[in-house]
Amino acid sequence: MGTLWYGGKIRTLQTESELFDAVFVENGEVVELGTYDYFINNKQIDISKEINLSGSVMYPGFVDSHLHMIGHGEKLLKLDVSEITSIRNLKQILLEATKDLNDGEWLLAEGFNENLYPEKTVPDRKILDSVSTKHPIMITRVCRHALTTNTYGLNLAKIDAKVTDPPGGIIVRDEKGDPTGYLHDQAQELLKNILPVEGFAYIKRALETSLEDLYKNGYVGAHSEDLNYYGSAEKTLETFYQVIDGESRKFRANLLVHHEVVDEVIKYRDKQSNPETFIEIGAVKIFADGALGGRTALLSEPYSDDPETQGVAIHSKEGLAEVVKKARDLAMPVAIHTIGDLALDYAISAIEDSPVPRGKRDRLIHLQVARQDLLDRLKVLPVVLDIQPRFVASDFPWVESRLGAARLVYSFAWKTMLNNELICALGSDAPIEPVNPLLGIHAAVTRRKPEENHEGYNKKEKLSLYEALQLVTRGSAQAICKEDDRGIIAPGYLADFTVLSEDLFDLTPDQWLQVKVDKTIVDNTIMYDRKKSKVHF
């Protein structure tokens, strides 16, 4: 007894053109594809339920290969300033938000981006002091590799001229040596460590909010990194088990584990009796460097617009190798955040020195600046590159001044990576970028913002629609070595589907952004149905 899906296009993505108009599913797996008449007239097939797609288009289920699920939920719940385009407007919004706070209560906001401001000014403590001296303020930068605070916040954290930069972090200072309130990478922890501890009821609400939004955006799964930011890795993991229960909420979550909490997470996982059907423990997450926006991505040569810095190494080359070796002692792959080319060099060396266990793949996340010699070394490694094409739309044109013309040849070079036969997967990096997969696909194909009208930044790196769709389906499956039963629609593959209102192949890229997610189906279970206007929990 099984389910027959029919009445629309079924794009298997096994090839660019393969289409069917019906698929039969049994016990959560695809059994056969064909025509509606074939299935109805086949006495050997026991159909217990028929679902009409009503002209919609079924794709293999979309999986975000890199995001922060709880962080995405927090962004939806908190004050989001990522679209603000001037310091003046930012101050007005923050000032309005203080009206609902008691004196001494924190004002928290997400996502400032000084590159959107005409003056390119970071909202430092002086600017935030003009908003309030009665409330400590913390605003994370859009990249989440930096934050800014006011004098109240600095005083609470006891950050003054005498405090030295922590390893892997920078306290930005003025000409007198006093902190400006702008903290990079590990220096952020000096402020975060004094924030009020969020109760896990809030964490659960953030995860539920995130999951609801992911369903609405067509995601059947995601590879998420959240377990080191909310006070207890064990309780955070427990929250995932509570929310994604496999019954009322089905979702394929592969959880990266920050290296600082891997022992705690493995110990908790091993006590669980639940099979890893919907929640899997993934690779060990390691940060090698920061981000280009704050000039903390680790480059082999100085920044073109700031010759005084090459970025920040979160670990020394030797230190990174030691962390990778610890992951190998646990028989685990690694997922290393590498944005700059020197960080990539460090990461490749560590992987070469401590090979991944047989049958698994390491992951390198972001990979925004590379070189051909580094790509050549990657070719012989069992590694997947987690890329976020949306960064092209967000970071250009300002990133051109950061890197200079010579480095741009191998920067955000997704097509070059595919041409080098490297496995790539597509993620959003939400909440840093919008979670909508169609925005990521659009950026991969056009290499521009939707509202812009040009040939695209470094246009030779454009992907085809088919290539981009493969990255968010098969590529995500390859990242966790699940390509034998996920990522395409074929017999023996999981019945995880994303159903769109129109066929992307029939539309122009800008038209894709008007396409709606009609259904999100996990394990042959409809988790979201737009026409019924609800998420199914």
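What this report covers is the structure whose coordinates are included nearby. Remember, predicted model here, so these are calculated numbers, not experimental data.

### As for the packing of helix H11 (residues 341-353) against helix H12 (residues 372-379)
Right, on to step 1. Direction vectors running N to C along H11 and H12 enclose 25°, while the axes themselves pass 11 Å from each other. By the angle between their directions, the pair H11 and H12 is classed as roughly parallel. In the packing of H11 onto H12, the handedness of the crossing is left-handed. The residues of H12 that touch H11, namely those facing Asp 341, Leu 344, Asp 345, Ile 348, Ser 349 and Glu 352, are Leu 374, Arg 377 and Leu 378.
Right, on to step 2. Broken down by class, the residue content of the contact of H11 with H12 amounts to four nonpolar, one polar and four charged.

### Some thoughts on helix H7 (residues 200-216)
Within an α-helix, residues lying three or four positions from one another point in the same direction, as the helix has 3.6 residues per turn.
Right, on to step 1. In this model H7 runs 24 Å from its N-terminal to its C-terminal C-alpha over 17 residues, within 8% of the 24 Å that 1.5 Å per residue would give.
Right, on to step 2. All of the buried residues along H7 are Tyr 202, Ile 203, Ala 206, Leu 207, Ser 210, Leu 211, Leu 214 and Tyr 215.
Right, on to step 3. Trailing H7 by a residue or two, Gly 218 shows a phi angle of about 90°, which is positive.

### Considerations on the pairing of strand E12 (residues 179-185)
Right, on to step 1. Of all seven residues in E12, seven are buried; the element is thus mostly enclosed.
Right, on to step 2. For strand E10 (residues 146-149) and E12, the ladder comprises three bridges, and the chain directions are antiparallel. Note that in E12 the partner of Leu 147 across the bridge is Leu 183.
Right, on to step 3. Pairing geometry for strand E11 (residues 169-173) and E12, over four bridges, is antiparallel. Note on E12: the bridge partner recorded for Gly 169 is Asp 185.
Right, on to step 4. Between E11 and E12, which pair antiparallel in sequence order, lie five residues; one of them, Gly 177, sits at a positive phi of approximately 90°.

### Comments concerning the packing of aromatic side chains
Right, on to step 1. Taken as a whole and assessed by the stated rule, the structure comprises 12 aromatic pairs.
Right, on to step 2. Where Tyr 241 meets Tyr 268, the ring centres are 6.2 Å apart and the plane angle is 50°; that geometry is what we call tilted. Taken together, the residues span a long stretch of sequence, with Tyr 241 in helix H8 (residues 233-243) and Tyr 268 in helix H9 (residues 262-270) at a distance of 27 residues.
Right, on to step 3. Accessibility expressed as a relative area gives 15% for Tyr 241, which makes it buried.
Right, on to step 4. Here the aromatic cluster, defined as three or more aromatic residues joined through ring pairs, consists of Phe 396, Phe 412, Trp 414 and Tyr 457.

### What about H12?
Right, on to step 1. Every buried residue of H12 is listed here: Leu 374, Leu 375 and Leu 378. Viewed along the axis of H12, the buried residues span an arc of 100°, placing them on a single side of the element.

### Examining the sheet that holds E10
Right, on to step 1. Spatial ordering of the open sheet is given by E7-E8-E9-E10-E12-E11, a layout of six strands whose pairing is mixed. At either end of the open sheet lies a strand with only one pairing partner, and these are strand E7 (79-80) and E11.
Right, on to step 2. The sheet contact formed by strand E8 (residues 107-112) and strand E9 (residues 137-141) spans five bridges and is parallel. Following the sheet pairing, Phe 112 is matched in E9 by Arg 141.

### So, the nonpolar core
Right, on to step 1. Formed by 113 residues in total, the largest nonpolar core has its most connected members in Met 69, Ile 244, Phe 251, Leu 292, Leu 364 and Leu 378.
Right, on to step 2. A per-element tally of this core places H11 first, with eight residues.
Right, on to step 3. The contact partners of Leu 378, leaving out residues within four places of it in the chain, are Leu 344, Ile 348, Leu 364, Leu 367, Val 383, Leu 385 and Leu 422.

### Thoughts on the pattern of salt bridges
Right, on to step 1. Tallied over the entire structure, the rule returns 38 salt bridges.
Right, on to step 2. Between Glu 96 and Lys 99 there is a salt bridge whose closest N-O contact spans 3.1 Å.
Right, on to step 3. In this structure Lys 99 comes out as exposed when scored by relative accessible area, which is 61%.
Right, on to step 4. For Asp 305, the salt bridge is made with Arg 295, and the minimal N-O distance between the two is 3.1 Å. In this pair, Asp 305 sits in the loop between strand E15 (279-287) and helix H10 (317-329) while Arg 295 sits in the loop between E15 and H10, placing the two residues 10 residues apart along the sequence.
Right, on to step 5. Asp 305 gets classed as partly exposed once you look at its relative accessible area, which sits at 29%.
Right, on to step 6. The exposure class assigned to Arg 295 is partly exposed, which follows from its relative accessible area of 25%.
Right, on to step 7. Because the salt bridges share partners, they merge into one network encompassing Asp 341, Asp 345, Glu 352, Arg 371, Asp 373 and Arg 377.

The rules behind each value
Residues numbered from 1 in each chain as written. Predicted model: local features only at pLDDT ≥ 70, side-chain atom pairs only at ≥ 80, totals over all residues. Heavy atoms only, no water. Axes fitted to C-alpha atoms, helices over the stretch in contact; angles between N-to-C directions. Helix = DSSP H or I, 4+ residues; strand = E, 2+ residues; numbered from the N terminus. Parallel < 35°, antiparallel > 145°, perpendicular 65-115°, else oblique. Left-handed = near helix turned anticlockwise from the far one by under 90°. Contact = heavy atoms within 4.5 Å. Nonpolar A, V, L, I, M, F, W, Y, C, P; charged D, E, K, R; others polar. Expected span 1.5 Å × (residues − 1). Buried < 20%, exposed > 50% of the residue type's maximum accessible area, 1.4 Å probe, protein only. Pairing = 2+ DSSP bridges. Phe/Tyr/Trp six-rings, centres within 6.5 Å; stacked < 30°, edge-to-face > 60°. Arc of directions from axis to C-beta. Core = buried A, V, L, I, M, F, W, Y, C linked by side-chain atoms within 4.5 Å. Salt bridge = Lys/Arg side-chain N within 4 Å of Asp/Glu carboxyl O.

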